[in-house]
Amino acid sequence: MKIKTICCIGAGYVGGPTMAVIAQQCSHIKVTVVDLNASRIAAWNDADLNKLPVFEPGLDKVVGEARGRNLFFSTDVDQAIDEADMIFISVNTPTKTYGKGKGMAADLKYIELCARQIASVSKSNKIVVEKSTLPVRTASAIKNILDHTGNGVEFQILSNPEFLAEGTAIEDLLSPDRVLIGGDTSDKGQEAIQALVDVYANWVPKERILTTNVWSSELSKLTANAFLAQRVSSINSISALCEKTGADVNEVAKAIGLDSRIGSKFLKSSVGFGGSCFQKDILNLVYIAKTYGLNEVADYWEQVIIMNDYQKNRFSNNIVSTLYNTVSGKKITFLGWAFKKDTNDTRESAAIQVADNLLNEQAHIEVYDPKVSEERMYADLDYLNTRTEAENRALLKVLKDPYQACKESHAIAVLTEWDEFKTYDWQRIYNNMLKPAFVFDGRGILDTKALEKIGFVCYSIGKGSK
Ligand SMILES: NC(=O)C1=CN([C@@H]2O[C@H](COP(=O)(O)OP(=O)(O)OC[C@H]3O[C@@H](n4cnc5c(N)ncnc54)[C@H](O)[C@@H]3O)[C@@H](O)[C@H]2O)C=CC1
Ligand SMILES: O=C(O)[C@H]1O[C@H](OP(=O)(O)OP(=O)(O)OC[C@H]2O[C@@H](n3ccc(=O)[nH]c3=O)[C@H](O)[C@@H]2O)[C@H](O)[C@@H](O)[C@@H]1O
């Protein structure tokens, strides 16, 4: 079967960039990305490519090339489903905030809504692709809903999890380490797998396209994120030990990373991992293990989250204790709010927890982030419900100029590893700060030796005192 028309439900951080790349690479396929959120779709259609709802290096170029040719963004979900041979479901699957599994399980209500809509609209056979990250065995629930329409339409369900990382989404999509496609072992299942393999084979070398059974594919996605997050928590646990012993976590990471069995990636110690997925996916894994009675497995993975919370709290506690055990009324500057550089995404960013902790200590915070909007930062804080919206706005200010944000500050905390922070005129910043001028580098990106020469008192994650 040759795919001519694709629909993707969900125009978010995954649906938008993923479909833009498929459309760019497969000019013979019509790709329509649909979403209930009309303002998001309007932004995807904005003539000004700087106003796309997702900031990703290179995304503007890809969208600019394909949009209007064979890439379309629309709110007409029914029409796009009706027209499509293949439908990707790329909606959000957040942690449940209510009922059974609250705070752990994935909330699959958006997935189920999509399945029901596909079931009610479809008049011809379709391949339905799970692009969202889902608990293992979700495909059987989707199949159940789709197969009970009684209108004779046949559906094949595939799992095709996405491994892109934000900030490098376009690079990752154009040159993925692997593409994973899971499907049914029946002949029709294998045909469906082949149809999706053929889409990717337009630009991905065949040996990087891996096909498995559907459960392996679903579980591989949760496992990949769990392993990646585990590496960050592992090195962060060692960073605490480094600070006590005089070892340097960067040196330790380099020394162990040169062992080819360990590898050098994902060993950068930080103020804690953030992002929309690591925490939610591990919690989901923990929940699944518990539901199968595998309590030791659940406890093992939960420790990755416990260590991450510890790392965020350790960072803010260290600021308070270093500033003579009180930050009440003191101005602390945050450089960065995004969960990593080169993205405007702030979901689960460590900055939010660190800010909340310091605001509890009555600090005054001024934030500068090159890509995150003021509304986003307040929304992140308000969501925690720790204090009133008015208090959040009184205690935390958002500035557009980093030098202004650092002016008359007691301390600077680096929360995101934006490259531009390394290029600032740190002498100028020092001159305008209160003394002693403290810098807490939560990302280990600044040249602390040079800063100390200027006169700063520096703390860098995982670097012990000499
Ligand atoms: N953000 C990331 O870097 C990655 C995310 N994932 C997974 O991909 C999935 C999507 O993630 P994001 O794109 O970040 O989420 P997102 O929240 O940015 O986008 C999801 C979109 O789906 C739309 N939506 C929800 N229900 C809908 C419905 N019934 N009909 C039409 N539109 C609907 C929402 O309005 C929203 O715009 C999640 O399962 C996530 O775990 C996987 C890999 C990377
Ligand atoms: O499922 C997802 O959503 C995605 O989650 C991560 O991608 P992402 O969260 O976008 O970004 P990462 O580069 O993985 O960073 C996650 C967090 O870990 C932190 N991190 C990462 C690496 C490291 O060495 N140290 C470290 O602290 C980052 O600063 C960031 O806060 C995975 O890398 C992707 O493969 C996956 O598709």
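Residues numbered from 1 in each chain as written. Chains lettered and ligands numbered in written order. Predicted model: local features only at pLDDT ≥ 70, side-chain atom pairs only at ≥ 80, totals over all residues. Heavy atoms only, no water.

### Details of the site of ligand 2
This is how it is decided: For each residue, the test is whether any non-hydrogen atom lies within 4 Å of the molecule or strand; if one does, the residue is near. Within 3.5 Å is the distance limit for a polar contact, defined as a pair of N or O atoms, with the added protein rule that one can donate a hydrogen and the other accept it, and that residues adjacent in sequence qualify only through two side-chain atoms. In this description, accessible areas are obtained by the Shrake-Rupley approach with a 1.4 Å probe, and a residue is regarded as covered only by the protein chains that are shown. Going along the chain from the N terminus, every DSSP run of H or I of four or more residues is numbered as a helix, and every run of E of two or more is numbered as a strand. In the scheme used here, Gly and all other residues not listed as nonpolar or charged are polar, with Ala, Val, Leu, Ile, Met, Phe, Trp, Tyr, Cys and Pro taken as nonpolar and Asp, Glu, Lys and Arg as charged.
In the vicinity of ligand 2, 20 residues are found, and the nearest of them are Phe163, Leu164, Ser270, Cys277 and Arg443. Separating an oxygen atom of ligand 2 from a backbone N or O atom of Glu166 is a distance of 2.7 Å. At 2.8 Å, a side-chain N or O of Lys340 approaches an oxygen atom of ligand 2. For ligand 2, the protein covers 89% of the area, taking 700 Å² as the surface of the free molecule. For the shell around ligand 2, the element with the most residues is helix α9 (residues 214-245), which contributes four residues. Residues of the shell around ligand 2, tallied by class, amount to 11 nonpolar, three polar and six charged.

### What to know about the site of ligand 1
Near ligand 1 there are 25 residues, and of these Asp35, Arg40, Thr93, Glu166 and Lys280 occur at the shortest range. Between Thr93 and ligand 1, the recorded distance is 2.6 Å, taken from a side-chain N or O atom to an oxygen atom. At a separation of 3.0 Å, an oxygen atom of ligand 1 approaches a polar backbone atom of Thr133. When ligand 1 is considered free in solution it has 830 Å² of accessible area, and contact with the protein chains removes 92% of it. Looking at the shell around ligand 1 residue by residue, the class counts come to nine nonpolar, nine polar and seven charged.

### A short note on the confidence of the model for the chain
Let me state the cut-off plainly: Each residue carries a pLDDT score, the predictor's confidence in it, ranging from 0 to 100.
Looking at the chain as a whole, its pLDDT mean stands at 96, while 100% of the residues score no less than 70. For this predicted complex, the interface score ipTM comes out at 0.98, while the overall pTM is 0.96.

### A closer look at the packing of aromatic side chains
We apply this condition: Here is the rule: rings of Phe, Tyr and Trp (six-membered ring for Trp) pair when centre to centre is within 6.5 Å. Planes less than 30 degrees apart are stacked, more than 60 are edge-to-face, and the remainder are tilted. Throughout, exposure labels follow a simple rule: accessible area from a 1.4 Å probe, protein chains only, divided by the maximum for the residue type, with under 20% read as buried, over 50% as exposed, and the rest as partly exposed. When the NZ atom of lysine or the CZ atom of arginine is within 6 Å of a ring's centre and also within 35 degrees of its normal, the charge is said to sit over that ring.
Within this structure, the stated rule accounts for 17 aromatic pairs. Ring centres 6.3 Å apart and planes at 35° place the aromatic pair Phe334 and Trp337 in the tilted group. On the basis of relative accessible area, Phe334 is assigned to the buried category, the value being 0%. For Trp337, a relative accessible area of 0% gives the class buried. Considering the side-chain rings of Tyr430 and Phe456, the 5.1 Å spacing of their centres and the 70° angle between planes classify their relative orientation as edge-to-face. Of this pair, Tyr430 sits in helix α17 (residues 426-431) while Phe456 sits in the loop between α18 (448-454) and β14 (457-460), placing them 26 residues apart in sequence. By relative accessible area, Tyr430 is classed as buried at 17%. Here Lys30 stacks its cationic end above the ring of Phe72, 5.6 Å away from the centre of that ring. It is Lys371 that lies over the ring of Phe55; its NZ or CZ is 4.3 Å from the centre.

### Some remarks on the sheet that holds strand β13 (residues 438-441)
This is how the line gets drawn: A pair of strands is treated as paired once DSSP finds two or more bridges between them. Helix axes are fitted only over the stretch in contact, all axes being lines through C-alpha atoms; the angle between N-to-C directions runs from 0 to 180 degrees. Should any heavy atoms of two residues lie within 4.5 Å, those residues are counted as being in contact.
Taken in spatial order, the six strands of this open sheet run β11-β10-β9-β12-β13-β14, and their pairing is parallel. One side of each edge strand has no neighbouring strand; the edge strands of this open sheet are β11 (396-398) and β14. The average angle at which neighbouring strand axes cross in this sheet is 20°, direction not considered. Bridge count for strand β9 (residues 331-335) against strand β10 (residues 364-368) is five bridges, and the pairing is parallel. Bridging across to β10, Lys331 finds its partner in His364. Against the sheet, helix α13 (residues 350-360) engages β9, β10 and β11, with an angle of about 180° to β9.

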